[in-house]
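Structural description and commentary
Read off the chains here:
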Amino acid sequence: MKHRGSKLIVLILIWALIAVAGFGSAIWQLWNRLMPGLFGLPVIGFWQAVGLMALSWLLFGGWRGAGGLRSRRHRGGRGDGRHLLTDEERAHLRASMARDCP
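Residues numbered from 1 in each chain as written. Predicted model: local features only at pLDDT ≥ 70, side-chain atom pairs only at ≥ 80, totals over all residues. Heavy atoms only, no water.

**Observations regarding the pattern of salt bridges**
Pairing between side chains becomes possible if they bear opposite charge and their charged atoms approach one another. Throughout the structure, instances matching the rule amount to two salt bridges. D87 is the salt-bridge partner of R90, the closest N and O atoms lying 3.2 Å from each other. A residue pair is termed a helical-turn pair when its members lie 3 or 4 positions apart in one helix, as R90 and D87 do in helix α4 (residues 87–100) at three residues. Look at R90 and you get buried, because its relative accessible area is 19%. Owing to a relative accessible area of 62%, D87 belongs among the exposed residues under this scheme. (Salt bridge = Lys/Arg side-chain N within 4 Å of Asp/Glu carboxyl O. Helix = DSSP H or I, 4+ residues; strand = E, 2+ residues; numbered from the N terminus. Buried < 20%, exposed > 50% of the residue type's maximum accessible area, 1.4 Å probe, protein only.)

Structural data, given as structure tokens:
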């Protein structure tokens, strides 16, 4: 059983390295083909592209769509909190929206 767990960890690390290399290379190529010509920005290296990917992951939420609290919204469910309202509150909300939103 212990051998299977270590095999899984190695497999996950290999897939993570492939993902970082693939996405980093894609960002690197796209940046160097588009940004200098469009905006006059400098050409970047691979590791700068990986750093840019990590920064954007931190700033814009990372694994937000992969599951958790927000997953109902991505699957088309009503994840907006309307199901928490009583019928009276829902009617009041509809009336106020009809009044305020032309």
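**Things to note about the packing of aromatic side chains**
On inspection of all chains with the given rule, the structure shows two aromatic pairs. A centroid spacing of 6.1 Å and a plane angle of 80 degrees characterise the contact between W28 and F46, whose relative ring orientation is edge-to-face. Remark: F46 occurs in helix α2 (residues 46–60) and W28 occurs in helix α1 (residues 2–39); sequence separation between them is 18 residues. Connected via pairs of aromatic rings, a cluster forms that spans W28, F46 and W47. (Phe/Tyr/Trp six-rings, centres within 6.5 Å; stacked < 30°, edge-to-face > 60°.)

**Here's the deal with the environment of M35**
With respect to the secondary-structure elements, M35 resides in helix α1. According to the relative accessible area criterion, M35 is partly exposed, its value standing at 24%. Not counting chain neighbours up to four residues away, the residues in contact with M35 comprise L30, G40 and L41. (Contact = heavy atoms within 4.5 Å.)

**Section: α2**
In a regular helix each residue adds 1.5 Å, so 15 residues correspond to 21 Å; α2 covers 21 Å between its end C-alpha atoms and thus fits that length. The complete set of buried residues in α2 reads A49, V50 and M53. For α2, the arc enclosing every buried residue in end-on projection is 100 degrees, short of the 170-degree limit, so these residues lie on one face. For α2, the exposed residues set more than 90 degrees away from the buried face come down to W47, Q48, L58 and L59. Of the residues trailing α2, G61 is marked for its positive phi of about 110 degrees. (Expected span 1.5 Å × (residues − 1). Arc of directions from axis to C-beta.)

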